[in-house]
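A structural walkthrough
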Amino acid sequence: MSGTLCRFSFPKGTNGTDVERAVADAIFVAECLHGTAKVRLGTSYYLAPGGRHCVIDTGTEIGEQVAQLVTGLLARKLGETAFRVERIANHETATVPC
């Protein structure tokens, strides 16, 4: 995949289970819309241990939708200002620590 990534950052004390649940729910919704195989092929993500960071590849339409869903679910669960989302170019990932 190519394009950009969305990196979600959370402050200390954030419940990692809430982050994992948001990603799982977003993938489930995407699977309902597009089918499991298409989502599996069109989405990739990384959840850092402890739940402080999550990276989603938005290089496909489905990856972009999953990132949008995660953003909405987290905003509702944690609050609009409880996390940060930034886009980074794929080629920057080698130098940008997660």
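See the structure shown above.
The following refers to the structure shown.

Rules used in this analysis
Residues numbered from 1 in each chain as written. Predicted model: local features only at pLDDT ≥ 70, side-chain atom pairs only at ≥ 80, totals over all residues. Heavy atoms only, no water. Patch = residues over 30% accessible without salt bridge, like charges linked within 9 Å, V, L, I, M, F, W, Y side chains within 5 Å. Areas by Shrake-Rupley, 256 points an atom, 1.4 Å probe, with all protein chains shown as cover. Salt bridge = Lys/Arg side-chain N within 4 Å of Asp/Glu carboxyl O. Helix = DSSP H or I, 4+ residues; strand = E, 2+ residues; numbered from the N terminus. Buried < 20%, exposed > 50% of the residue type's maximum accessible area, 1.4 Å probe, protein only. Phe/Tyr/Trp six-rings, centres within 6.5 Å; stacked < 30°, edge-to-face > 60°.

This next bit is on a nonpolar patch on the surface. A cluster of nonpolar side chains, Phe28, Val29 and Leu33, forms an exposed patch at the surface whose accessible area comes to about 310 Å². Looking at the secondary structure, you find Leu33 in helix α1 (residues 16–34). The exposure class assigned to Leu33 is exposed, which follows from its relative accessible area of 63%.

Right, let's get into the pattern of salt bridges. Within the structure shown, the criterion is met by 4 salt bridges. Ionic pairing is found between Glu64 and Arg87, a salt bridge with its closest N-O pair at 2.6 Å. With Glu64 in helix α3 (residues 61–78) and Arg87 in strand β4 (residues 84–89), this pair connects stretches of sequence that are 23 residues apart. Here Arg87 falls in the partly exposed class, since its relative accessible area comes to 47%. Residues participating in the shared-partner salt-bridge network are Arg7, Arg84 and Glu86.

Applying the stated criterion across every chain yields a total of 2 aromatic pairs. Judged by centre distance (6.3 Å) and plane angle (35°), the ring pair of Phe8 and Phe83 falls under tilted. With Phe8 in strand β1 (residues 4–9) and Phe83 in the loop between α3 and β4, this pair connects stretches of sequence that are 75 residues apart. The exposure classification of Phe8 matches that of Phe83, with both residues buried. Judged by centre distance (5.9 Å) and plane angle (35°), the ring pair of Phe10 and Phe83 falls under tilted. Taken together, the positions of Phe10 in the loop between β1 and α1 and Phe83 in the loop between α3 and β4 put the pair 73 residues apart, joining distant regions of the chain. Each of the two residues, Phe10 as well as Phe83, counts as buried.

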